[in-house]
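Here's the letter readout for the chains.
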Amino acid sequence: MSSILSAAAWEAMYSPYDQPTYQAVLDLLKPEDVVLDIGAGDLRLARQMALIAHKVYAIEINPLVLEKGLTSRDPFPANLISIRADARRLDFPTDSTVGVLLM
């Protein structure tokens with residue numbers, strides 16, 4: 001039996017966070033950072049990080065959740081790269097300097 005949880009079990013642990021939690025992350029970012037956002041959900045945090053960091057890779061396994069972030073009325077930041085994938089099985093971008101995983 002695999003030690004990796006099923007995608008459904010992993011997704012069941014998903015929980016959106018409030019703005020003060022996001023702000024705690026944002027306060028640590030620098031303009032030169034290349035962020036790896038693991039479990040990016042609907043891209044709420046990723047979009048905010050893209051306003052600060054040089055680049056943001058946003059990884060999300062659930063296409064329905066990711067689609068919410070991709071179809072937002074807000075302009076999509078040019079430095080935000082969305083990746084629909086299972087982060088537990090993905091080779092991470094080699095230029096990332098900061099990882100974010102809120103659990």
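The structure this text deals with has already been given above.
As the structure is a computational prediction, the values presented were derived from the model and not from experiment. (Residues numbered from 1 in each chain as written. Predicted model: local features only at pLDDT ≥ 70, side-chain atom pairs only at ≥ 80, totals over all residues. Heavy atoms only, no water.)

### Looking at the sheet that holds strand β2 (residues 55–60)
Sheets are built from strands paired through backbone hydrogen bonds, the pairs being either parallel or antiparallel.
For step 1, the next point in the chain: Strand order in the open sheet formed by 4 strands is β3-β2-β1-β4, with parallel pairing between adjacent strands. Each edge of the sheet is formed by a strand with only one pairing partner; in this case those strands are β3 (80–84) and β4 (98–100). Each adjacent strand pair in this sheet contributes to an overall mean axis angle of 20°, direction not counted.
For step 2, the next point in the chain: Relative to β2, strand β1 (residues 34–38) runs parallel, the two being bridged by 5 bridges. Bridged to V34 within β2 is K55.
For step 3, the next point in the chain: Across the sheet, helix α4 (residues 63–70) lies against β2 and β3, angled at about 160° from β3, the strand it touches most. (Pairing = 2+ DSSP bridges. Helix = DSSP H or I, 4+ residues; strand = E, 2+ residues; numbered from the N terminus. Axes fitted to C-alpha atoms, helices over the stretch in contact; angles between N-to-C directions. Contact = heavy atoms within 4.5 Å.)

### Side note on unusual backbone geometry
For step 1, the next point in the chain: Positive phi outside glycine occurs at L43, with the angle close to 70°.
For step 2, the next point in the chain: Among the structural elements, L43 can be located in the loop between β1 and α3 (44–50).

### Describing the nonpolar core
For step 1, the next point in the chain: In this structure, V35, L45, M49 and V56 are the most contacted members of the largest nonpolar core, which totals 17 residues.
For step 2, the next point in the chain: Residue contributions to this core peak at 4 residues, all from α3.
For step 3, the next point in the chain: Beyond its immediate sequence surroundings of up to four residues, L45 is in contact with Y22, V25, L26, V100 and L102.
For step 4, the next point in the chain: The next biggest cluster of nonpolar side chains, apart from the first, holds 6 residues, and it includes V34, L36, I38 and Y57. (Core = buried A, V, L, I, M, F, W, Y, C linked by side-chain atoms within 4.5 Å. Buried < 20%, exposed > 50% of the residue type's maximum accessible area, 1.4 Å probe, protein only.)

### Re the side chain of D42
For step 1, the next point in the chain: Within the secondary structure, D42 sits in the loop between β1 and α3.
For step 2, the next point in the chain: A distance of 2.9 Å separates a polar atom in the side chain of D42 from a polar atom in the side chain of R44.
For step 3, the next point in the chain: Excluding residues that lie within four positions of it along the chain, D42 makes contacts with V65, K68 and G69. (Polar contact = N/O pair within 3.5 Å; in protein donor to acceptor, adjacent residues only side chain to side chain.)

### Thoughts on α4
For step 1, the next point in the chain: Buried within α4 we find V65, L66 and G69. On an axial view of α4, the arc spanned by its buried residues comes to 95°, and they lie on one face. Away from the buried face of α4 by more than 90 degrees, exposed residues L64 and K68 are located.
For step 2, the next point in the chain: The distance from a side-chain oxygen at the start of α4 to the backbone nitrogen of L64 is 2.8 Å, and the residue carrying that oxygen is N62. (Arc of directions from axis to C-beta.)

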